Amino acid sequence: MFIQNTWYVAAWSHEIDADGFFARTITGIPVLMYRSADSTVVALEDRCCHRGAPLSLGRREGDDVRCLYHGLKFDCSGACIEAPAQDRVPAQARVRSFAVVERHRWIWIWMGDAALADPDAIPDTHWLDDPDWRSLPGYIHYDVNYLLICDNLLDFSHLPFVHPTTLGGPESYAKIRPLVERLDNGVRVTRWTMDTDVPPFAAAVKAWPGKVDRWNIYDFTIPGILRMDSGMAPVGTGAFEGRRIDAAEFRGCQALTPETATSTHYFFGHPHNFAIDRPEVTRAIHESIVEAFDEDRAIITAQQRNLARDPSFTMMAFAMDSALVQFRRIVERYLDAERENHAQSTV
Amino acid sequence: MFIQNTWYVAAWSHEIDADGFFARTITGIPVLMYRSADSTVVALEDRCCHRGAPLSLGRREGDDVRCLYHGLKFDCSGACIEAPAQDRVPAQARVRSFAVVERHRWIWIWMGDAALADPDAIPDTHWLDDPDWRSLPGYIHYDVNYLLICDNLLDFSHLPFVHPTTLGGPESYAKIRPLVERLDNGVRVTRWTMDTDVPPFAAAVKAWPGKVDRWNIYDFTIPGILRMDSGMAPVGTGAFEGRRIDAAEFRGCQALTPETATSTHYFFGHPHNFAIDRPEVTRAIHESIVEAFDEDRAIITAQQRNLARDPSFTMMAFAMDSALVQFRRIVERYLDAERENHAQSTV
Amino acid sequence: MFIQNTWYVAAWSHEIDADGFFARTITGIPVLMYRSADSTVVALEDRCCHRGAPLSLGRREGDDVRCLYHGLKFDCSGACIEAPAQDRVPAQARVRSFAVVERHRWIWIWMGDAALADPDAIPDTHWLDDPDWRSLPGYIHYDVNYLLICDNLLDFSHLPFVHPTTLGGPESYAKIRPLVERLDNGVRVTRWTMDTDVPPFAAAVKAWPGKVDRWNIYDFTIPGILRMDSGMAPVGTGAFEGRRIDAAEFRGCQALTPETATSTHYFFGHPHNFAIDRPEVTRAIHESIVEAFDEDRAIITAQQRNLARDPSFTMMAFAMDSALVQFRRIVERYLDAERENHAQSTV
């Protein structure tokens, strides 16, 4: 149902502290995360192989985990290394462990074949902890399938309708068809709006002489990672030609991670490179984004209720859906390839 | 699952105001209702044909509706007349519109083939706004399949048991087998109780010299419409022979509209033709009815829980079930006919 | 799904008072219980044979029950003896009645073929009302399948992990493999821990000179009845050899009764034979047990959530699972036998 061999964001770094456990379900699988003594993040299946109790209700014993139902102990590779009332523990007694990489404040996890987990394939989101940029960590939980949120992020024509007072923009914004380019594992969407009003969230954090040229250029790649170069500059200062003078620039980083077939984790940060010595600006930007994302969640959740009520309903594609249609095809291509590999490997 | 080509009550007139939207699910389909400039009620599928978002979260633009997810605009026939980012809108871009008739304070809707929607087939409920009669609008929501409520209304032997202190009557009332006559699209149930006590709700609103002759004569027709001539007159004044002297007469109007397979809208009014200049009498009658209908809801909801727990349970028919058994057969006959028509039309 | 021909505990005696009704679902079947004039407990299917309404919403008429939907009346054998609007009541108009035995404060019910219900097969729990023993009645409701609780009770190696501060014991307790003996309808589990610390709950209610020898010897029999001889005596006083000097003895009685496939009634008492004139000791013991059982419920409910999330998960047996594996096989053997009998009887 979900792509297995890909990097998902599992958590913000700060969610996993030095001592405790952190439990989160990812692609339907309960995952226990914790930091070993050297601060490396460990991710194990959060389900004792004995009778299925959550290990996250257990306790740390150094870098190991003791299940507090019947006392089985697992090391950080997932191997059961102690079972009360027996001297030998069979080798097959283990829980799954998952490849994990901590990078730029995000914990990335690989739910598929760990041998294929290549850290170089992790998308670059260095703006999240680059000293020249500022952002706050965002997280929203959705009770919808993650693809409905992908759809939303792949079609910014919803901005003036869903976010009139936040991300905003005039309704004419929706008329501009973005350039959609195909990437190997996703799409690149480019949209320029020239000589337009400053949107409310940007007017609130920076003074502007008048109208602006505004851009959104983002890569949206599997499994559901958005990395965006967006911003605005005073009209006529040459932003479109590549000069960014007196601009407000952002590098939005967003990651959708399926929790279950009907729920999703949404991680986001919205780094900016201006006023980086003014935490109140960072906070105001963050709060605007959270407010706007709550607007998205309201409409998408209502959409999901309508879809759930009548599974026979089929969506109808419009011109604005170019990017999302392409992305859904890419997801299908990955899923087909994994099904085929799986079928071959089990012949 | 539900009869399509029939008139359902969708709302009370006052529920749909001049400016806003009113959303209600009917026979499993989300419906948006609103009044156009000339006050005509419009009913559209409450689900944008694009990605399924509810139009009821959108906005009015004159007599049109703008979806506030991606900005598609629909006219009151359901046709999409504007889509951002494209000049031509394909003809198949539309949501369903439903035939609607507003009559005697009820909004009637036809969920099936609009070409078959004959306003003359709407049952007469003129007492709901006849100046010689008074009533208040009633609505109850049920979490049960509508047929269980039909059953209840088709067998008044439950009155002394479910409603001892409201609609009341002695338990001997249940012993009298009503006359059940077959109508083309339902049944007519007639029950006379001669020389009996005044039931509590009637004693509360009118003075009586002694015992009364009491009658309930109602048509119960598909999809689930009850229209009742009921009342009582002092014993021996000839009510049974057709004279209604010093009588308290009612013309109960009730309509069951399936919301989903497991929930139902229940609309009702209980017009009376006495004391019509005393609003407190109208209110007292209405409150008695609401109290009694809450008693019905309690027992029917408990019945539904029992049935849901064990789908293998089969009901056992008794003599008192004559009317409801006939009505369920009529419903089945209509459903069969619609299935057959549907099968032929798709050959 | 559940063994039918066996005695289940349906209630504590005090739950069924002299006048009212008591309703409880047992093995998926709604059951109405009440006391007839001679105080005998009657158990009927809590579902009118007419339209499925709960009889427990009806009323007592002497030893009979009137359904307060349409007025059908049932005697305490389940036969319908009155139906409004008809003179003859057909013989098949009845609800099921269940064999019931009240013994030692527990109401035992037989959900299967009443002809097979042998009161002599009821397990002995006389300590619950023996004047030489004291206990308080316990009841917990679980939202899990009853077998997960059986598992828990069949493997006391969980004690030091789930109950470190209540039932307690050092973790070495889990290393001692109990003696598991096969009974005809269950298993006997025997575990001695010599020269060990007094567990917290026992230290709170009795003074001890030092360490103790501790034992748990229990029969766990179908459908899910635990009867335990447990306790402790000062070390070296010969408990293991059969002398119980200055001992604290208990005769725990526990009964698991499936409510539905995913919920369970749990009845328990923990009789003790020391300090029987000190109600505060009885209360303290009871509260320790309740606190411990709440700990069990927390972990088992978490386990159930994990299992429900992924039906493909299979448990892995360890040495400590000997008793529970045997018990599950016995349950399967009973279920198979009932299925076979049923198949033969319906040929």
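Just so it is clear, the model here is predicted, and its values are computed rather than measured.

Caption draft 1: Representation of the pattern of salt bridges within the structure. A complete count under the given rule lists 63 salt bridges over all chains for this structure. Among the salt bridges present, the one from aspartate 310 of chain B reaches arginine 47 of chain C, with a minimum N-O distance of 3.1 Å. Of this pair, aspartate 310 of chain B sits in the loop between helix 4 (279–309) and helix 5 (322–345) while arginine 47 of chain C is found in the loop between strand 4 (41–45) and strand 5 (59–61), placing the two residues in two different chains. In this structure aspartate 310 of chain B comes out as buried when scored by relative accessible area, which is 19%. Since its relative accessible area comes to 6%, arginine 47 of chain C is described here as buried. Among the ionic pairs, glutamate 287 of chain C bridges to arginine 283 of chain C, the shortest N-O distance being 3.7 Å.

Caption draft 2: Spatial organisation of the relation of the copies chain A and chain B. With an RMSD of 0.1 Å, the fit of chain A onto chain B corresponds to turning through 120 degrees and sliding 0.1 Å along the axis. Here the symmetry operator amounts to a three-fold rotation axis. Of the C-alpha atoms belonging to chain A, the one lying closest to the rotation axis is found on alanine 308 of chain A, 12 Å away.

Caption draft 3: Fine view of the interface of chain C and chain A. With 30 residues of chain C in contact, the opposing surface of chain A contributes 30 residues. For the pair chain C and chain A, the two sides together bury roughly 2500 Å², of which 60% comes from carbon and sulfur. The largest per-residue losses of area from chain C upon contact with chain A belong to Phe161, Met316 and Phe318 of chain C, which jointly make up 26% of the total buried on that side. Where chain C touches chain A, the interface holds two salt bridges. Where chain C meets chain A, there are twelve residue pairs in polar contact (both at pLDDT 80 or more). Examining the composition of the side of chain C that touches chain A, we find that seven residues originate from one element, helix 4 (residues 279–309) of chain C, more than from any other. For the side of chain C that touches chain A, the residue count by class is 15 nonpolar, six polar and nine charged.

Caption draft 4: Layout of the sheet that holds strand 6 (residues 64–66) of chain B. Residues and elements named next belong to chain B. Read across the open sheet, the four strands follow the order 5-6-7-8; overall the sheet is antiparallel. Both outer strands of the open sheet, strand 5 (59–61) and strand 8 (80–82), are each paired with one neighbouring strand and no more. The pairing of strand 6 with strand 7 (residues 73–74) spans two bridges and is antiparallel. The residue of strand 7 that forms the bridge with arginine 66 is lysine 73.

Caption draft 5: The pairing of strand 14 (residues 212–221) of chain A, seen in detail. Residues and elements named next belong to chain A. The element strand 14 is largely enclosed, with a buried count of ten among its ten residues. Burial along strand 14 is two-sided: the face carrying Val212, Arg214, Asn216, Tyr218 and Phe220 and the face carrying Asp213, Trp215, Ile217, Asp219 and Thr221 are both buried. Pairing analysis gives nine bridges linking strand 13 (residues 186–196) to strand 14, with the strands arranged antiparallel. Residue arginine 188 lies in a different strand from strand 14, and its bridge partner there is aspartate 219. For strand 14 and strand 15 (residues 225–234), the ladder comprises ten bridges, and the chain directions are antiparallel.

Caption draft 6: Just the side chain of serine 288 of chain B, in detail. Among the secondary structure elements, serine 288 of chain B is positioned in helix 4. With sequence-adjacent residues up to four places away left out, serine 288 of chain B is seen in contact with Thr166 and Phe201 of chain B.

Caption draft 7: Local environment of the packing of helix 1 (residues 146–153) of chain A against helix 5 (residues 322–345) of chain A. All names here are of chain A. Orientation of helix 1 relative to helix 5, taken along the N-to-C sense of each, is 145 degrees, at an axis distance of 9 Å. For the element pair helix 1 and helix 5, the recorded crossing hand is right-handed. The residues of helix 5 that touch helix 1, namely those facing Tyr146, Leu147, Leu148, Cys150 and Asp151, are Leu324, Phe327, Arg328 and Val331. Among the residues making up the contact of helix 1 with helix 5, the classes are represented as seven nonpolar, no polar and two charged.

Caption draft 8: A look at the pairing of strand 17 (residues 263–269) of chain C. Residue and element names in this part refer to chain C. Within strand 17, seven of the seven residues are buried, which leaves the element mostly enclosed by the surrounding structure. Of the two faces of strand 17, both are covered, the one formed by Ser263, His265, Phe267 and Gly269 as well as the one formed by Thr264, Tyr266 and Phe268. Relative to strand 17, strand 11 (residues 138–142) runs antiparallel, the two sharing five bridges. Pairing of tyrosine 139 across the sheet is with phenylalanine 267, part of strand 17. In sequence, strand 16 (residues 248–260) turns back onto strand 17 through a hairpin of two residues.

Caption draft 9: Just the UniProt feature "domain: Rieske" (unreviewed entry) in chain A, in detail. Mapped onto the present numbering, the UniProt feature "domain: Rieske" (unreviewed entry) falls at residues 7–109 of chain A. The distance separating the terminal C-alpha atoms of residues 7–109 of chain A is 6 Å; by composition the span is 0% helix and 42% strand.

Caption draft 10: Representation of the environment of arginine 59 of chain A within the structure. Along the chain, arginine 59 of chain A turns up in strand 5 (residues 59–61). For arginine 59 of chain A, a relative accessible area of 29% translates into the label partly exposed. Not counting chain neighbours up to four residues away, the residues in contact with arginine 59 of chain A comprise Phe21, Asp64, Val65, Arg66 and Leu68 of chain A together with Phe161 and Glu171 of chain C. Within the structure, the side chain of arginine 59 of chain A is placed 2.9 Å from the side chain of glutamate 61 of chain A, a separation counted as a polar contact.

Caption draft 11: Just the environment of threonine 125 of chain C, in detail. Residues and elements named next belong to chain C. Within the secondary structure, threonine 125 is located in the loop between strand 10 (106–110) and strand 11. Along the backbone, threonine 125 and cysteine 253 are 128 residues apart, and their C-alpha atoms lie at a distance of 6.5 Å. Excluding its chain neighbours within four sequence positions, the residues that come into contact with threonine 125 are His104, Trp106, Trp108, Arg227 and Cys253.

Caption draft 12: The arrangement of the domain arrangement of chain A in detail. All names here are of chain A. In terms of domains, chain A is made up of domain 1 (7–120) and domain 2 (125–335). Contacts between the two partners involve 17 residues from domain 1 and, on the opposite side, 22 residues from domain 2. For domain 1, the biggest contributors to the area lost against domain 2 are Trp12, His104 and Trp106; these three give 39% of the whole. In this structure, the connection of domain 1 to domain 2 is made through zero salt bridges. At the junction of domain 1 and domain 2, the tally comes to seven residue pairs in polar contact (both at pLDDT 80 or more). Of all the elements in the fold, those that place two or more residues in the side of domain 1 that touches domain 2 are strand 1 (7–12), strand 2 (22–26) and strand 10 (106–110). Element by element, the count of residues in the side of domain 1 that touches domain 2 is highest for strand 1, at six residues. A class-by-class count of the residues in the side of domain 1 that touches domain 2 yields nine nonpolar, five polar and three charged.

Caption draft 13: Highlighting the interface of chain A and chain B. Across the boundary between the two partners, chain A contributes 30 residues, which contact 30 residues of chain B. With both sides pooled, the region where chain A packs onto chain B buries about 2500 Å², and carbon together with sulfur makes up 60% of that total. For the chain A face of the interface with chain B, the top three residues by lost area are Phe161, Met316 and Phe318 of chain A, together amounting to 26%. Viewed at the interface, chain B and chain A are joined by two salt bridges. Scanning the region where chain A abuts chain B turns up eleven residue pairs in polar contact (both at pLDDT 80 or more). Of all elements in the fold, only helix 1, helix 2 (159–162), helix 4 (279–309) and helix 5 of chain A reach the threshold of two or more residues within the side of chain A that touches chain B.

Caption draft 14: Inspection of unusual backbone geometry at higher detail. Residues and elements named next belong to chain B. Of note, the bond from isoleucine 222 into proline 223 is cis; its omega dihedral lies within 30 degrees of zero at 0 degrees. As for its placement among the helices and strands, proline 223 is situated in the loop between strand 14 (212–221) and strand 15 (225–234). One non-glycine residue, aspartate 195, lies in the positive phi region at around 55 degrees. Considering the arrangement of structural elements, one finds aspartate 195 in strand 13 (residues 186–196). Given the relative accessible area of 46%, aspartate 195 is considered partly exposed.

Here is what the cut-offs are and how they apply
- By convention here, each chain's residues receive numbers from 1 onward along its written sequence.
- To read the labels, note that chains go from A and ligands from 1, taken in the order they are written.
- Per-residue local features are limited, in this predicted model, to residues with pLDDT of at least 70; the limit for side-chain atom pairs, both in listing and counting, is 80 or more; totals at the level of whole chains, interfaces and linings are taken over all residues.
- Hydrogens are left out, water is left out, and the side-chain values use all remaining heavy atoms of the structure.
- The salt bridge criterion pairs a side-chain nitrogen of Lys or Arg with a carboxyl oxygen of Asp or Glu, the two atoms within 4 Å.
- Only DSSP runs of H or I covering at least 4 residues are called helices, and only runs of E covering at least 2 are called strands; the numbering of each starts at the N terminus.
- We call a residue buried when its accessible area falls under 20% of the maximum for its residue type, exposed when it is over 50%, and partly exposed in between, using a 1.4 Å probe and counting protein chains only.
- What sets the superposition is a least-squares fit of C-alpha atoms, and only residues with pLDDT of at least 70 in both copies go into it.
- The contact rule is simple, with two residues in contact once any of their heavy atoms fall within 4.5 Å.
- Throughout, the accessible surface (probe 1.4 Å) given up by two parts as they are put together, summed over both, is called the buried area.
- Here a polar contact means two N or O atoms within 3.5 Å. Within protein one must be a hydrogen donor candidate and the other an acceptor candidate, and residues neighboring in sequence count only if both atoms are side-chain atoms.
- For this classification, the nonpolar set comprises Ala, Val, Leu, Ile, Met, Phe, Trp, Tyr, Cys and Pro, the charged set comprises Asp, Glu, Lys and Arg, and every other residue, Gly included, is treated as polar.
- Being paired, for any two strands, means DSSP has found at least two bridges between them.
- With axes taken as lines fitted to C-alpha atoms, and helix axes fitted only over the stretch in contact, angles between N-to-C directions fall between 0 and 180 degrees.
- A clockwise turn of the near helix away from the far one marks a right-handed crossing, whereas an anticlockwise turn of less than a right angle marks a left-handed crossing.
- UniProt positions are given in the numbering used here, feature names are shortened, and annotations may be inferred rather than shown by experiment.
- Segmentation of the chain into domains, including their bounds, is taken from an automatic or database domain assignment.

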